[in-house]
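# Per-entry structural report
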Amino acid sequence: MKEQAGFTVKGSPLSRLTFADAGPGIVPEHLPRLFERFYRGDSPRNGKLGGSGLGLAIVKEFVEAHGGTLRVESRLGIGTVFTFTLPSYPQPA
């Protein structure tokens, strides 16, 4: 699986961080609930993936608490892209 990450600041008050992979993608029906606490897209009886369903919910809470946004785009067989933005603050001198 190929993964990549990028960070951009393009003269705007927002910084954007993007994570992308070339994995199997996420089934479209799961996307609206992906950031809910304890939500797992895999079947609860399928213990192969593990996890509690809290990771993305925590990320969303953190990003929004800092005035940012979080979004996900996914295509089956192509991969998934997570992007979040946060306000950029001037660096202290």
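Above this text you will find the structure in question.
Below: a short report on this structure. (Residues numbered from 1 in each chain as written. Predicted model: local features only at pLDDT ≥ 70, side-chain atom pairs only at ≥ 80, totals over all residues. Heavy atoms only, no water.)

## A look at the overall build of the protein
Definition in use: Put simply, DSSP marks the helices as runs of H or I at least four residues long and the strands as runs of E at least two long, and each gets a number from the N terminus on. Three labels apply to residues, based on accessible area from a 1.4 Å probe with only protein chains included: buried if under 20% of the type maximum, exposed if over 50%, partly exposed otherwise in between. In what follows, a contact means two residues having at least one pair of non-hydrogen atoms within 4.5 Å. Per-residue accessibility takes into account occlusion by the displayed protein chains alone, with areas from the Shrake-Rupley method and a 1.4 Å probe.
Helix and strand content of the protein: one helix and four strands. The N-to-C order of helical and strand elements in the protein reads β-β-α-β-β. Expressed as a percentage of the 93 residues in the protein, the buried residues total 20%. The long-range share in the protein, meaning contacts at least 24 apart out of those at least 6 apart in sequence, stands at 45%. For the protein, the exposed surface amounts to about 6900 Å²; the carbon and sulfur share of it is 60%.

## What about the environment of His-30?
Note that His-30 resides in the loop between β2 (14–21) and α1 (55–65). Setting aside residues no more than four positions away along its own chain, His-30 makes contact with Tyr-39 and Gly-41.

## A few points about the nonpolar core
We count it as follows: The nonpolar core is taken to be a set of buried Ala, Val, Leu, Ile, Met, Phe, Trp, Tyr and Cys residues, with the residues joined through side-chain atoms within 4.5 Å.
Counting residues in hydrophobic clusters, the biggest one holds seven residues: Ile-26, Leu-34, Phe-35, Val-63, Leu-70, Val-72 and Phe-84. Setting aside residues no more than four positions away along its own chain, Ile-26 makes contact with Leu-31, Leu-34, Ser-74, Leu-76, Thr-80 and Phe-82.

## A look at the environment of Phe-35
Structurally, Phe-35 is set in the loop between β2 and α1. The sequence separation of Phe-35 and Leu-54 amounts to 19 residues, and the corresponding C-alpha distance is 8.2 Å. The contacts of Phe-35, once residues within four sequence positions are left out, are Leu-56, Ala-57, Lys-60, Leu-70, Val-72 and Phe-82.

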